[in-house]
Amino acid sequence: MSVREKAATKALLEANDLQVVFKPQSKHPIVALHGLNLSVASGSVTGLVGPDGAGKTTCLRLAAGLLVPQAGAITVFGHDVVREAEKIRPRIGYMPQQFGLYEDLSVQENLDLYADLHDVPMAGRDDQFARLLEMTDLGKFTARRSGQLSGGMKQKLGLACCLVKIPELLILDEPTVGVDPVSRRDIWRIVYQLVQEEGLGVLVSTAYLDEAERCNNVVVMHNGVKLAEGTPASFYERVQGRVYTISPTPNQSVRHLHGEILQRSDIVDASIQSGTVRAVFSSDSGFVEETGGKERRELEGAVTPVAPRFEDAFVDMLQQDGAAVEKLSLDGMQRTQHGVEQGIEERQAAIDVSGLLKTFGAFTAVHDISFSVQRGEIFGLLGANGAGKTTTFRMLCGLLKASGGSIHVAGNNMRKAPSKARSRIGYMAQKFSLYQQFTVSQNLRFYGKAYGLKRDALTRRLDWALTEFDMEDRKDVVTQSLPAGFKQRLAMAAAMLHEPEILFLDEPTSGADPLARREFWARINKFSQEGVTVVVTTHFMEEAEYCDHLLIMAQGQQLAAGTPAQIRQHAVTEAKPNPTIEDAFIMLADG
Amino acid sequence: MAGISYIRLRGFIRKEVLQIRRDPSSLLLGIVMPVILLLIFGYGVSLEPTNVPIALVIDEASPATQELKARFQLSRYFRPVTVHSIPEAVLLMESNHVDGIVHIRSNFSSLMEAGEEAPIQLILNGIDANRARIVEGYIQNAIGMWSERFALQTGRSYAPPVVIEPRIWFNAAANSTYSLIPGLLTLIMTLIGTQLTALVIAREWERGTMEALLSTPISSDEILLGKLVPYYVLGMIGMALSIILGVFLFEVPLRGSLFVLVLLGSIFLIASLGLGLFISSAARIQFVAAMGSVLSAFLPAFFLSGLMFDLKSTPEAIQYISTIIPAKYFVTITQTLFLAGNVWSVLLPASLVLLVMCVVLVVAARKKLGRRLPQ
C-alpha cells in the first residue's frame, strides 16, 4: 500500500454563516443551525461535540448534500453543495447515525452494492474488499446476513461500505454509539489508519467526549452555533488548576462523596472516575485559591490536583452558556443517608437471580446469569447493544418468561407469580413510553391512577414528583414538546410515583448528551441514598463507576462481575496503574 | 440530468431482486396471492348461481307436470325438493332452505287441456334481489323450454305468463367466471404494482437506508428505474400466472391477441407502479403508505372498476370518480380482449387514457423522489 506524501493540508469543506430552519412554514419553526462557520482540512479529523439538539447531525447532513441551507453557503471540494451536489457525492463517504445496511443482504452483498453505487471498477474491487475485510475483521462473516451481526460488527460493516471507494472526505455521524468498547477501538483505529495512509479528511460527531480528545480539531456546538473550536489541548487552559480528584475516606463510599461534592456551590462538574471523584471547581471558588496544589482537609479525603481533560472544559463551557446541569436539590439526602450508611450490615437481597436462561428458538439470548442485588444498592448491567441486557431486564421485571433458572424480586418468585411484585417495582423502558399528547401532569396523574393511587395519596405524590424533578413550571406543557432531558425526567417520575422499593431503568442514558447523563446519575445516586434499590442497564462503560456492583455481559454471557474496583483490577498493568472499566472490558473481551 | 450509470443501476436492481427473493411477504403478495385470488374467485365467488335450492309444490301428478319436475331435477342450476303443500314450502323458505317456490295447482292439466291460460306460481326470496332476478330468469327459462317441448309433442300451444330469454353477449352461457377472470387480472396487477411498491421506498426511509443511499452518487432516475424494473418483472409474472390459470384451468377464451394484452398490461402495470412509488415517496412511513395504496388503488380497483359491480347502475357521481381510476380502463381492456377480441374501437380510447395516466404517475413519482432529506 502506497503511503501518500503528506502534502500540505488543504481545506476540503468550507461553511459560512449557515442557517437551517426546519418546518419554516409551521407555527413553531425549529432553528437547527444559526450562523455556523466550519472548515474541514484534509489529513485530519474534525470532531463535532455538543449536547442534544446542538445541530451536529444537521451539519453533517449539509456536508453530505442531503439538506439545503436557508442562508449561508457550504462548499465541499470547492463545489457548492446545493448546485453541484453530483460533483461532490462521488468523492465523499457518509455514514448516518442509523446506518443504512440492508439487513437482508449478506456482508459481501452489502459491500458489492455500495461498490456498484460508487461506480467502483471491477478490476480493483477484490483488493479493496480484502483490505476492508481485514481492517474490520469481518473476513469470516462475508456470507452472513448483516441483520445477524452484532452491533459492533454492523457498525464496522457500515464504515467499510463508506470506504469501498476511498473517499476524500469521510462524514461519520456518531459512529460508535452503543458499540462495545472493542469495536469502538477498532473503528477509530481504521479511521486513523486511513487518515494517515490516504490523507483523507474526516468530519465526525460524537457523544463520547474521550473520542473528542483524539480529534485533531474539535468544534463545540450548542443551540446551532459554534461555541469554540481548537485542538483538544487548547481547551485545557480554561479549566487549568481547577480540576482535582478527591478520594473518599475509608468509611465513606465514593457515591456518597460524589453526592456531597455536588452540593457545593462552587462546583462546576463532578463525576466518578476509577473510584475517586473528579471535580471541576468554578474559577471564583475559594477552594482553588486556597489549595494551590496541596491537599486539603475540608473534604476529608485526599485531594489531588490533576491535569484537565477535554471533558472538564466542555462541561465548564456549557455551564457558562447556560446549558448547565441543574443543581439538584439534595435536601432529602442528609436525613436519610445516615440510616443507609449504618444499615449496611443488615442489608438483605432485594433481587436474587441464579442460572438465568433465555432462548429464542435456537438462539440463546441469555446464558447462565447469576447475581444478587442488596437493598439500597445501585446495580449496573453493562454491555454493548445486543449483549442480552434488555432481555435479562425484562425477565427481572416479569415482562418476559425465563426459559430456565430462578428469579426472586422483593421476595417474590418472578417465574411463578410475576404480578405480585409489580406494585413494588418501578420500570422505565428504554423507549419513551408516556403519552405524547398528554400534558406533564396528565401523564403523571394517569400513571398514578394506574398504580392504584387515590385522592390524597395521588395529590401528595404528584406534588412530590413535580418538585423533586423540577417540573413545576412545565406541568401544563404537552409532553410532545418537552426537550429530551425533561422527557427523561418525566418518565422516571412516572416510574416512581407509587414509591417502589426497586427501580428498573433500561438504558436511561442512551441517546442523552453528557450533561443530561450527569444530571441523571446525580438523581439516581440521591434515590439510592434514600433507600431505593436501583437496577440500571447502560452501554456507557464509564457509568459503571456510579454502581455499587455490576455485571458486564457479552453475547448473553457474564464477562465479569463485582464492584467497579474489582473489575478495574482485571486491567491493572505496570503501564496503566489506574485503568478504567472500559480498559477492563477490552482486556476481558480480548481474553 | 446526469446520465444513467450501468454499474449503479445493475447494483441497485440486483439488491432489489435479492430483497424480493428473501422477503417472504413480497413473494407472498406477488406470486401466492394471485393464485389464491384466482382460485377463490374462479371457484368460490361465482356471480352465477348454480344448485339453487327450490321447493316444488305440485298438486297434480300428470305426465306434463312429471316432465317439468324432471327438468328441474336434471338442471345443474337447481336443487329441487318436492313438498306437498304451500305452507310446508313457505316454512322452508323462511328457514332459508330454499330460494324459491314453484307451485303448480291441481287444475293445471285440465286448464291446459281446455286450452286456457294455465298459470304457474313462482315465489322468490327477494332478500338478495340480484340473485332473485337471476333465479327468476332460470326458472322462466326452464319452464319455457318445457312448454316448447310440450307444445311440439302435443301439437298444442302453451303460453306461459311470459318467457324472457336472457341473452348476454360474449358470455352466452352467462358464465360469470368468464368476465371475472379478466377482471381479476386487473386486481392482481394492482396488488403487485401498487401495494407492493408502496412499501418499498417507505421501508428504505424507515430503516434509514435511504439516507445512506442519497449520499451516494446514485441519481433519482436510477432509483426510480431500479425500483420499477424488478417489480415490473414480478407484476408480469403475476399476469402470466393469471392468464395461464384463466385460460387453462378456468377455460376462459382469449379471443384477442396475447401480444396486445401484454402490451396494454405493461402500460397498466407501469401506471400502478408509478402510483405505488409516488405514495411511498410521499408517505415515508410504511403504515401510511399501505393505507394510502389500499384507499387509492386496491379498493377502487375492486369496487369502482366495473369488475364486481356494473358501473352503469351506480350513481352519476361514482361514475365520474371512476373515470380517474386506471383499473376501470384496464378492466374494459381485459374483458374486451378475452371475451370479444381485438375490438379497436373499445381498446384504443381506453389504452390512450391509460398511457396518459402512466406518464403522469411515473413523472409524479420521479418528482416526489427527491434527492434530499425532508426539511
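Residues numbered from 1 in each chain as written. Chains lettered and ligands numbered in written order. Predicted model: local features only at pLDDT ≥ 70, side-chain atom pairs only at ≥ 80, totals over all residues.

### Quick notes on the overall build of chain A
Then, in step 1: Of regular secondary structure, chain A possesses 18 helices and 24 strands.
Then, in step 2: Computed over its C-alpha atoms, the radius of gyration of chain A comes to 25 Å, within 12% of the 25 Å expected for a compact globule of 591 residues.
Then, in step 3: A principal-axis box enclosing the C-alpha atoms of chain A has dimensions of 70 × 60 × 60 Å.
Then, in step 4: Within chain A, the proportion of its 591 residues that are buried is 48%.
Then, in step 5: A separation of at least 24 residues holds for 70% of the contacts in chain A among residues at least 6 apart in sequence. (Helix = DSSP H or I, 4+ residues; strand = E, 2+ residues; numbered from the N terminus. Rg over C-alpha atoms; globule rule 2.2 N^0.38 Å. Buried ≥ 20, exposed ≤ 12 C-beta atoms within 10 Å, placed from the backbone. Contact = placed C-beta atoms within 7 Å.)

### A word on the overall build of chain B
Then, in step 1: When helices and strands are counted, chain B shows 14 helices and four strands.
Then, in step 2: Of all 375 residues assigned to chain B, the portion counted as buried reaches 38%.
Then, in step 3: A fraction of 79% describes how many contacts in chain B between residues 6 or more apart in sequence connect residues 24 or more apart.

### Considering the pairing of strand β15 (residues 349-360) of chain A
Residue and element names in this part refer to chain A.
Then, in step 1: Where β15 meets strand β16 (residues 363-374), eight bridges bridge the pair, whose relative direction is antiparallel. Across the sheet, the residue bridging to threonine 359 is threonine 364, located in β16.
Then, in step 2: Where β15 meets strand β18 (residues 404-409), five bridges bridge the pair, whose relative direction is antiparallel. Residue isoleucine 351 lies in a different strand from β18, and its bridge partner there is valine 409. (Pairing = 2+ DSSP bridges.)

### With respect to the environment of methionine 145 of chain B
Residues and elements named next belong to chain B.
Then, in step 1: For methionine 145, the location among the structural elements is in helix α6 (residues 129-154).
Then, in step 2: With 15 C-beta atoms counted inside 10 Å, the residue methionine 145 sits in the partly exposed group.
Then, in step 3: Sequence separation between methionine 145 and proline 49 is 96 residues, and the spatial gap between their C-alpha atoms is 19 Å.

### Some words on the packing of helix α10 (residues 258-283) of chain B against helix α13 (residues 326-340) of chain B
Residues and elements named next belong to chain B.
Then, in step 1: In contact at an axis separation of 11 Å, α10 and α13 are set at 165° when each is read in the N-to-C sense. With respect to each other, α10 and α13 are oriented roughly antiparallel. When the axes of α10 and α13 are compared, the crossing they make is left-handed. Within the contact between the two elements, α10 uses Val260, Leu261, Leu264, Phe268, Ala271 and Ser272 and α13 uses Pro326, Phe330, Ile333 and Leu337.
Then, in step 2: Along the lines of polarity and charge, the residues of the contact of α10 with α13 split into nine nonpolar, one polar and no charged. (Axes fitted to C-alpha atoms, helices over the stretch in contact; angles between N-to-C directions. Parallel < 35°, antiparallel > 145°, perpendicular 65-115°, else oblique. Left-handed = near helix turned anticlockwise from the far one by under 90°. Nonpolar A, V, L, I, M, F, W, Y, C, P; charged D, E, K, R; others polar.)

### Focus: the domain arrangement of chain B
Then, in step 1: Annotation of chain B at the domain level lists domain 1 (6-45 + 175-368) and domain 2 (52-154).
Then, in step 2: The gap between the C-alpha centroids of domain 1 of chain B and domain 2 of chain B is 47 Å. (Domains from an automatic or database assignment.)

### As for helix α5 (residues 151-162) of chain A
All names here are of chain A.
Then, in step 1: A rise of 1.5 Å per residue sets the reference length of α5, with its twelve residues, at 16 Å; its end C-alpha atoms lie 17 Å apart and thus fit the reference within 8%.
Then, in step 2: With eleven of twelve residues buried, α5 lies mostly within the body of the structure.
Then, in step 3: Residues of α5 that are buried include every one of Gly152, Met153, Lys154, Gln155, Lys156, Leu157, Gly158, Leu159, Ala160, Cys161 and Cys162, and no others.
Then, in step 4: At its buried positions, α5 is contacted by β6 (92-95), α3 (107-117), α4 (122-136), β7 (169-173) and α6 (181-198). (Expected span 1.5 Å × (residues − 1).)

### Describing the interface of chain A and chain B
Then, in step 1: Counting residues at the interface gives 25 residues for chain A and 24 residues for chain B.
Then, in step 2: Taken together, the elements giving at least two residues each to the side of chain A that touches chain B come down to β6 and α3 of chain A.

### Comments concerning the pairing of strand β1 (residues 52-58) of chain B
All names here are of chain B.
Then, in step 1: For β1, the tally of buried residues reaches five of seven residues, placing the bulk of the element in the interior.
Then, in step 2: Bridge analysis of β1 against strand β2 (residues 78-83) gives six bridges, and the strand direction is parallel. Directly across from valine 57, in β2, lies its bridge partner valine 83.
Then, in step 3: After leaving β1, the chain enters helix α3 (residues 63-74) and then returns to the sheet as β2, a path that is right-handed. (Right-handed = clockwise from strand over helix to strand, strands pointing away.)

### Focus: the domain arrangement of chain A
All names here are of chain A.
Then, in step 1: Looking at chain A, the domain boundaries give domain 1 (11-230), domain 2 (236-324) and domain 3 (340-590).
Then, in step 2: Placing the centre of domain 1 and that of domain 3 at their C-alpha centroids yields a distance of 33 Å.
Then, in step 3: Counting residues at the interface gives 13 residues for domain 1, matched by 17 residues for domain 3.
Then, in step 4: Among the secondary structure elements, those contributing two or more residues to the side of domain 1 that touches domain 3 are α5 and α6.
Then, in step 5: Looking at the side of domain 1 that touches domain 3 element by element, the count peaks at three residues for α6.
Then, in step 6: Tallied by class, residues from the side of domain 1 that touches domain 3 come to six nonpolar, four polar and three charged.

### Observations concerning the confidence of the model for chain A
Then, in step 1: Chain-level pLDDT for chain A is 84 on average; 91% of the residues reach the 70-or-more range.
Then, in step 2: Across residues 324-346 of chain A the pLDDT falls below 50, and counting only partners more than four positions away or on other chains, this stretch makes 26 contacts in the model. (pLDDT = per-residue confidence, 0-100.)

### A word on helix α14 (residues 455-468) of chain A
Because the α-helix completes a turn every 3.6 residues, residues three or four places apart line up on one side.
Then, in step 1: A rise of 1.5 Å per residue sets the reference length of α14 of chain A, with its 14 residues, at 20 Å; its end C-alpha atoms lie 20 Å apart and thus fit the reference within 8%.
Then, in step 2: Count one or two residues on from α14 of chain A and you reach aspartate 470 of chain A, which has phi positive near 60°.

### Looking at the confidence of the model for chain B
Residue and element names in this part refer to chain B.
Then, in step 1: Averaged over all residues, the pLDDT of chain B equals 82, while 89% of them reach at least 70.
Then, in step 2: Low pLDDT, under 50, characterises residues 161-174; the predicted model gives this stretch 16 contacts beyond four residues in sequence or across chains.
Then, in step 3: Interface scoring of the predicted complex returns ipTM 0.77; its pTM is 0.79.

### Focus on the sheet that holds strand β4 (residues 121-124) of chain B
Residue and element names in this part refer to chain B.
Then, in step 1: Spatially, β2-β1-β3-β4 is the arrangement adopted by the four strands of the open sheet, whose pairing is mixed. Only two strands of the sheet have a single partner each, and these edge strands are β2 and β4. Along the sheet, successive strands turn relative to each other by an average axial angle of 20°, direction set aside.
Then, in step 2: Pairing between strand β3 (residues 100-104) and β4: four bridges, direction antiparallel. Opposite glycine 100, over in β4, you have leucine 124 as the bridge partner.
Then, in step 3: Running over the sheet, α3 touches β1, β2 and β3 and is turned about 170° from β1.

### Re the packing of α13 of chain B against helix α14 (residues 344-368) of chain B
Angle between the axes and distance between the axes: these two values describe a pair of packed helices.
Residue and element names in this part refer to chain B.
Then, in step 1: Between α13 and α14, the least distance of the axes is 9 Å, while the angle of their chain directions is 145°. Note on packing geometry: the crossing formed by α13 with α14 is left-handed. Along the contact surface, α13 presents Pro326, Tyr329, Phe330, Thr332, Ile333 and Thr336, while α14 presents Val346, Leu347, Ala350, Ser351, Val353, Leu354 and Met357.
Then, in step 2: Split by residue class, the contact of α13 with α14 holds ten nonpolar, three polar and no charged.

### Observations regarding the nonpolar core
Then, in step 1: Ala63, Leu169, Ile171, Leu396, Phe504, Val534 and Val535 of chain A are the most contacted members of the largest nonpolar core, which has 233 residues in total.
Then, in step 2: Beyond its immediate chain neighbours, meaning those up to four positions away, leucine 169 of chain A contacts Leu12, Leu13, Val40, Val76, Arg91, Ile92, Leu200, Gly201 and Leu203 of chain A.
Then, in step 3: Within the second largest apolar cluster, 23 residues are counted, among which are Val52, Ala55, Leu124 and Ile139 of chain B. (Core = buried A, V, L, I, M, F, W, Y, C linked by C-beta atoms within 7 Å.)

### Thoughts on unusual backbone geometry
Residues and elements named next belong to chain A.
Then, in step 1: The residue aspartate 17 is not glycine, and still its phi comes out positive at about 50°.
Then, in step 2: Inspection of the secondary structure puts aspartate 17 in strand β1 (residues 11-22).
Then, in step 3: Residues other than glycine seldom take positive phi values, yet glutamate 507 does so here, at roughly 45°.
Then, in step 4: Within the element layout of this structure, glutamate 507 appears in the loop between β21 (502-505) and α16 (514-529).

### A word on the environment of phenylalanine 520 of chain A
Then, in step 1: Within the secondary structure layout, phenylalanine 520 of chain A lies in helix α16.
Then, in step 2: Taking the C-alpha atoms as reference points, phenylalanine 520 of chain A and phenylalanine 585 of chain A, 65 residues apart in sequence, are found 24 Å from one another.

### Structural notes on the sheet that holds strand β19 (residues 412-413) of chain A
Residue and element names in this part refer to chain A.
Then, in step 1: The strand order across the open sheet formed by four strands is β16-β15-β18-β19, and the pairing between neighbours is antiparallel. Two strands bound the open sheet, and with one partner strand each, they are β16 and β19.
Then, in step 2: Pairing analysis gives two bridges linking β18 to β19, with the strands arranged antiparallel. Counted as the bridge partner of valine 409 is asparagine 412 from β19.
Then, in step 3: Across the sheet, helix α12 (residues 389-396) is in contact with β15, β16 and β18; its angle to β15 comes to roughly 120°.

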